[in-house]
Amino acid sequence: MNIEQILIAVLVLAWIVYRQVVGQYAGRTKLTWLPLVLVVVGLYTVVQAHPTITAVGGALIGAELVLTVVLGWVRGRAVSLETREGFLYLRGGAPALVLWLISIGMRVGVELFAHSIGGATAALATSTIALSFGISLGVQGLVLRQRIRQDGRPLQEDSRRGGTRPRATLGR
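All figures in this text were calculated on a predicted structure; none of them were measured in a lab.

Enquirer: Sorry, what's going on with the overall build of the protein here?
Expert: Per the secondary structure count, the protein includes seven helices and three strands. Going residue by residue from the N terminus, the α and β elements of the protein occur as α-β-α-α-β-β-α-α-α-α. C-alpha atoms of the protein, sized along the principal axes, occupy 55 × 40 × 30 Å. Relative to its 172 residues, the protein shows a buried fraction of 37%. In the protein, the proportion of contacts linking residues at least 24 apart, taken out of those at least 6 apart, comes to 82%. For the protein, the accessible area works out to roughly 10,000 Å², and carbon and sulfur atoms hold 69% of it. Counting 17 positive and 8 negative side-chain charges, the protein places the centres of these two groups 8 Å from one another.

The following block contains the structure:
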């Protein structure tokens, strides 16, 4: 990764963490697109890098992906569902910040460990950064979507569409 890619990744991650800690109105698609984009970019990066997967590298990335799924699930459960101006509002607060710091710290630890081993393991670890965060955000989003569905409070986007009726589309 070059300095521009690192800077972009840090800025995007800082924006994600800020939005989740401070809070935002719940929406139907907010939890879907970014994880999907990160997973696609992550898979593309791994394919482009074509890293050699050693036993140590595979075990390291496998363990990291299991932990990233668990942390995504815990972050999804830690978000509080509140009502603001009559609509469902998601706010992570301090628990989300702590969990994000643990997630980021774990990823930095994986990178440092992989680079101490060197070679193929370092290349594999570096190529899976976007994939790892995409999976983590995806799991968090799935947990939150389920909680939102069970909650039943109105979403702000429903009111913009005139209630809960489906919006019109071209050709229909």
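Enquirer: Sorry, what's going on with the sheet that holds strand E1 (residues 24-25) here?
Expert: In any sheet, the strands associate via hydrogen bonds between backbone groups, in a parallel or an antiparallel arrangement. Reading across from one edge, E1-E3-E2 is the order of the three strands in this open sheet, with antiparallel pairing throughout. Across the chains shown, the open sheet's two edge strands, defined by having one partner strand only, are E1 and strand E2 (80-84). Sheet analysis places E2 next to strand E3 (residues 87-91), joined by five bridges and oriented antiparallel. Residue pairing in the sheet places Ser80 in a bridge with Arg91 of E3.

Enquirer: In this structure, what is going on with the environment of Leu67? I would like to understand it.
Expert: If you trace the backbone, Leu67 turns up in helix H3 (residues 55-78). Residue class for Leu67 comes out partly exposed when judged on its relative accessible area of 43%. For the pair Leu67 and Leu34, spaced 33 residues apart in sequence, the C-alpha separation works out to 20 Å.

Enquirer: So what exactly am I meant to see when it comes to the environment of Gly93 here?
Expert: Its location among the elements puts Gly93 in helix H4 (residues 93-117). Residue classification places Gly93 among the buried positions, given a relative accessible area of 5%. Residues Gly93 and Val21 lie 72 residues apart in sequence; the distance between their C-alpha atoms is 4.5 Å.

Enquirer: Explain the pattern of salt bridges to me, please; I cannot follow it from the model alone.
Expert: When their charged atoms lie close together, side chains carrying opposite charge are able to pair. Overall, the coordinates contain four salt bridges when judged by the stated rule. For Glu82, the salt bridge identified is with Arg84, shortest N-O distance 3.4 Å. When its relative accessible area of 23% is taken as the criterion, Glu82 is described as partly exposed. Salt bridges linked by common partners bring Glu64, Arg107 and Glu111 together as one network.

Enquirer: Honestly, the packing of helix H2 (residues 33-49) against helix H6 (residues 129-151) in this entry has me stumped. Any pointers?
Expert: Between two packed helices, both the angle of their axes relative to each other and the distance between the axes serve to describe the pair. Running from N to C, H2 and H6 cross one another at 155°; their axes reach a closest spacing of 7 Å. It follows that H2 is roughly antiparallel to H6 by the angle criterion. Note on packing geometry: the crossing formed by H2 with H6 is left-handed. Facing H2, whose interface residues are Leu34, Pro35, Leu38, Val39, Val41, Gly42 and Leu43, H6 presents Ala130, Leu131, Phe133, Gly134, Ile135, Leu137 and Gly138. Split by residue class, the contact of H2 with H6 holds 11 nonpolar, three polar and no charged.

Enquirer: Teacher, can you tell me more about a nonpolar patch on the surface here?
Expert: Taken together, the side chains of Trp33, Leu36 and Val40 present a nonpolar region at the surface, about 330 Å² in accessible area. Structurally, the position occupied by Trp33 is in helix H2. Judged by its relative accessible area of 54%, Trp33 falls in the exposed class.

Reading the values: the criteria
Residues numbered from 1 in each chain as written. Predicted model: local features only at pLDDT ≥ 70, side-chain atom pairs only at ≥ 80, totals over all residues. Heavy atoms only, no water. Helix = DSSP H or I, 4+ residues; strand = E, 2+ residues; numbered from the N terminus. Buried < 20%, exposed > 50% of the residue type's maximum accessible area, 1.4 Å probe, protein only. Contact = heavy atoms within 4.5 Å. Areas by Shrake-Rupley, 256 points an atom, 1.4 Å probe, with all protein chains shown as cover. Lys, Arg positive; Asp, Glu negative; His and termini not counted. Charge placed at Lys NZ, Arg CZ, Asp CG, Glu CD. Pairing = 2+ DSSP bridges. Salt bridge = Lys/Arg side-chain N within 4 Å of Asp/Glu carboxyl O. Axes fitted to C-alpha atoms, helices over the stretch in contact; angles between N-to-C directions. Parallel < 35°, antiparallel > 145°, perpendicular 65-115°, else oblique. Left-handed = near helix turned anticlockwise from the far one by under 90°. Nonpolar A, V, L, I, M, F, W, Y, C, P; charged D, E, K, R; others polar. Patch = residues over 30% accessible without salt bridge, like charges linked within 9 Å, V, L, I, M, F, W, Y side chains within 5 Å.

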